[in-house]
There are 2 protein chains.
Amino acid sequence: MSGRKGLRDSHVTLAHGGGGKAMRDLIESVFTEVFEPPGMEDQARLQAAALAEPGAKLAFTTDSFVVTPVEFPGGDIGKIAVCGTVNDLAVGGARPLWLSAAFIIEEGCELALLRRIVASMAAEAAVAGVRIVTGDTKVVGRGSADKVFVTTSGVGVIPPGRELGAVHIRPGDVAIVNGVLGDHGAAILAARGDLALSADLESDCQSLSALMEAVIAAAPGVRAARDATRGGLASALNEMAEAAGVGIEIDEEALPLRDEVKGMCEILGLDPLYLANEGTLVLFVPADQAEAALAAMRATEAGRGAVAVGRAVAAHPGMVTMRTLFGGSRIVDMLVGEQLPRIC
Amino acid sequence: MSGRKGLRDSHVTLAHGGGGKAMRDLIESVFTEVFEPPGMEDQARLQAAALAEPGAKLAFTTDSFVVTPVEFPGGDIGKIAVCGTVNDLAVGGARPLWLSAAFIIEEGCELALLRRIVASMAAEAAVAGVRIVTGDTKVVGRGSADKVFVTTSGVGVIPPGRELGAVHIRPGDVAIVNGVLGDHGAAILAARGDLALSADLESDCQSLSALMEAVIAAAPGVRAARDATRGGLASALNEMAEAAGVGIEIDEEALPLRDEVKGMCEILGLDPLYLANEGTLVLFVPADQAEAALAAMRATEAGRGAVAVGRAVAAHPGMVTMRTLFGGSRIVDMLVGEQLPRIC
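Residues numbered from 1 in each chain as written. Chains lettered and ligands numbered in written order. Predicted model: local features only at pLDDT ≥ 70, side-chain atom pairs only at ≥ 80, totals over all residues. Heavy atoms only, no water.

Asker: Just to check I follow, could you spell out a negative patch on the surface for this structure?
Answerer: On the surface, a cluster of negative charge is contributed by A:D200, A:E202, A:D259 and A:E260. For A:D200, a relative accessible area of 73% translates into the label exposed. (Patch = residues over 30% accessible without salt bridge, like charges linked within 9 Å, V, L, I, M, F, W, Y side chains within 5 Å. Areas by Shrake-Rupley, 256 points an atom, 1.4 Å probe, with all protein chains shown as cover. Salt bridge = Lys/Arg side-chain N within 4 Å of Asp/Glu carboxyl O. Lys, Arg positive; Asp, Glu negative; His and termini not counted. Charge placed at Lys NZ, Arg CZ, Asp CG, Glu CD. Buried < 20%, exposed > 50% of the residue type's maximum accessible area, 1.4 Å probe, protein only.)

Okay, structure coming up:
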């Protein structure tokens, strides 16, 4: 068999997307040898006892990834594609089970790059405890895509009785983040290299499923969580305030930010509240469970830097405000326009 | 609310992918108003009694679509994205339930085009009896994609005891297709317009879920089915022959081909056996159920043209042969290289 799977090319050609022998060789040699999907049909066929439990719900989510550069300090497009979809499931209270992965590849893409991306996806899937069970490959001509785009979809199970959602947030609830903000956005910006910034920054790209299970076990009253990706913490909080019909107040002093990120933002006139994250969540818990939640989070790898950053309030429903370092208060609006294209 | 959702732009800009207000406006105005996904979280939360049935399996599949042109006679990239994923589920014996839809949009893409694609997806989802429950939007700069790419993933349920798969094909089984071959590939080729061909051809793009349910009910012994997309009937049959370890023999005389498709293939030196289809399947049934399967298929819209085209044989395992019109026999190999890039 190994002879058959041999792929002598070093770059992807249009033939690798044509549905014939070349495509099969590419898929077998680069993808299925690593992901080992169950079965040979075009669909994965799966069974999970957890899904059959009365009252359990199936969670289903999808995201396309177009980040540039495709490899950057702290991750690559493959790692981000696994983390992003795992995290969308996890912040809703679901236990991630299975992922699909679809690749749109530009003609001329290096096979060695594809192999690194695939290896990175397999490694992160193992960390997150999910399996990549089905996939697809398309090839487009030079100039019709940019190296490679990856779309992952995820299926998970929400155990009976678990009801996380922004609508459950109540005034008095405490807002907690799991660690420093903006590292992903800042790392990508630095990695693009056109700013002559030599920051020693890494993306925070990581899976949050273990963290979410820990916090739900320790603080079963947790109301809602959101992955603060594109649009940053500010956009996540605005969406939550609006969905819940509560106000949200954060303290500038409490926001965990690296000096490098603060410095870069000052130089470039960016607001770290809008910088993208790929392993950072914000969650709301009843005040009497905040300490338990923080302790449980800090005991996990992804939650070592967990801190309370604010609270839900009855005032100004739908609006997010920040107490500034100087004792004033300002409105933190949703991002208007775009801060950084192709950040994820 | 309608004021908030108003989108005054006529073309997509990078800001529509930035995670802020512009992105929310785009998503609300173009996507969620039409698809009406359940809930406001980043994940769909779903319940289906069929999934909880003992012995039921979950089917999960994904495909990216990069077809060019994005609109063509008989369909568009949206319709193809729904049909393709519904059909991947259906040919495996699954009842399609839910789809996700992720869009990678090139800056400058017309919003009117996006709206047509989305309307087409919603219409086809209704025909196929599935719901589009979750999605994503990314925007890339001009020249980093080609108008729009769509990735759909699908979740369905395989009822207990249903076991379709190429490994079950036995010598003597009859091969049946549901209608004419190659219309999709030929229609796309003509629609590209660079061949000065004025063929009156439409893509066969259609959902096959109702057809599959009908044939399974009438011929419960059906062994396996494949969607004959990229690589055409020849590639589907080769994959099945190899998986089953049987030979497959088809009759050239029996192959349903339009004169226009035959003519185009003759002019261009293409082989219709390798032309892509988007609503054509090949299935294998035990010989004593072939008449029942054909009758059930012909009673459905998608199966009106159903015919037997060949059979599985004990000879030449893993190989597909064709009895030609002239009484000879030739090997029908897998597609080598590519026939038409970006056909789906």
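Asker: Explanation requested: the interface of chain A and chain B in the structure shown.
Answerer: Accessible area lost on assembly of the parts is the figure often given for the size of an interface. The interface is formed by 77 residues belonging to chain A together with 77 residues belonging to chain B. Along the contact surface separating chain A from chain B lie eight salt bridges. For B:K138, the salt bridge goes to A:D63, with nearest N and O atoms at 3.7 Å. The tally of links from chain A across to chain B stands at 36 residue pairs in polar contact (both at pLDDT 80 or more). Residue composition of the side of chain A that touches chain B, by class: 34 nonpolar, 25 polar and 18 charged. Bridge count for strand β2 (residues 57-65) of chain A against strand β1 (residues 44-46) of chain B is three bridges, and the pairing is antiparallel. Directly across from A:F60, in β1(B), lies its bridge partner B:A44. (Contact = heavy atoms within 4.5 Å. Polar contact = N/O pair within 3.5 Å; in protein donor to acceptor, adjacent residues only side chain to side chain. Nonpolar A, V, L, I, M, F, W, Y, C, P; charged D, E, K, R; others polar. Pairing = 2+ DSSP bridges. Helix = DSSP H or I, 4+ residues; strand = E, 2+ residues; numbered from the N terminus.)

Asker: Is there a simple way to explain the UniProt feature "domain: PurM-like N-terminal" (unreviewed entry) in chain A in this structure?
Answerer: The UniProt entry lists residues 49-158 of chain A under the feature "domain: PurM-like N-terminal" (unreviewed entry), expressed in the numbering used here. The span residues 49-158 of chain A carries 34% helix and 42% strand; its end-to-end C-alpha distance comes to 12 Å. (UniProt positions renumbered as here; feature names shortened; annotations may be inferred.)

Asker: Would you mind going over the packing of helix α6 (residues 183-191) of chain B against helix α9 (residues 259-268) of chain B with me for this structure?
Answerer: When two helices pack together, their arrangement is given by the angle between the helix axes and the distance between those axes. Residues and elements named next belong to chain B. One way to put it is that α6 packs onto α9 with a least axis distance of 10 Å and a crossing angle of 60°. With respect to each other, α6 and α9 are oriented oblique. The chirality of how α6 crosses α9 is left-handed. In contact with D183, A186, L189 and A190 of α6, α9 contributes V261, M264 and L268. Each residue belonging to the contact of α6 with α9 can be placed in one class, and the counts come to six nonpolar, no polar and one charged. (Axes fitted to C-alpha atoms, helices over the stretch in contact; angles between N-to-C directions. Parallel < 35°, antiparallel > 145°, perpendicular 65-115°, else oblique. Left-handed = near helix turned anticlockwise from the far one by under 90°.)

Asker: What's the story with the packing of aromatic side chains in this structure? I'm lost.
Answerer: Geometry of an aromatic ring pair is reported as the spacing of the ring centres plus the angle between the planes. According to the stated counting rule, one finds three aromatic pairs over all chains in the structure shown. Centroid distance A:F31 to A:F103: 4.5 Å. Interplanar angle 40°. Geometry classified as tilted. Here A:F31 is found in helix α1 (residues 21-35), whereas its partner A:F103 is found in strand β5 (residues 95-106), with 72 residues between them in sequence. Taking relative accessible area as the criterion, A:F103 reaches 2% and is therefore assigned buried. Consider the rings of A:F60 and B:F60, whose centres lie 6.4 Å apart with planes at 80°: the pair is edge-to-face. (Phe/Tyr/Trp six-rings, centres within 6.5 Å; stacked < 30°, edge-to-face > 60°.)

Asker: I keep staring at the relation of the copies chain A and chain B and nothing clicks. Help me out?
Answerer: Taken together, a rotation about one axis and a shift along it account for how the two chain copies relate. When chain A is fitted to chain B, the residual RMSD is 0.0 Å, and the transformation amounts to a turn of 180° plus an axial shift of 0.0 Å. The symmetry that links the two subunits is that of a two-fold axis. Taken as a fraction of all interface residues of chain A, those also at the interface in chain B reach 100%, which identifies the copy contact as same-surface. (Least-squares fit on C-alpha atoms with pLDDT ≥ 70 in both.)

Asker: Before we go on, may I ask you to explain unusual backbone geometry in this structure?
Answerer: One can expect most non-glycine residues to show negative phi and most peptide bonds to be in trans. Put simply, A:T68 and A:P69 share a cis peptide bond, and its omega is 0°. Mapped onto the elements of the fold, A:P69 is located in the loop between β2 and β3 (71-72). Phi at B:E36 takes a positive value of approximately 45°, unusual for a residue other than glycine. The backbone of B:K147 sits at a positive phi, close to 65°, despite the residue not being glycine. Classification of B:K147 by relative accessible area gives partly exposed; the value is 42%.

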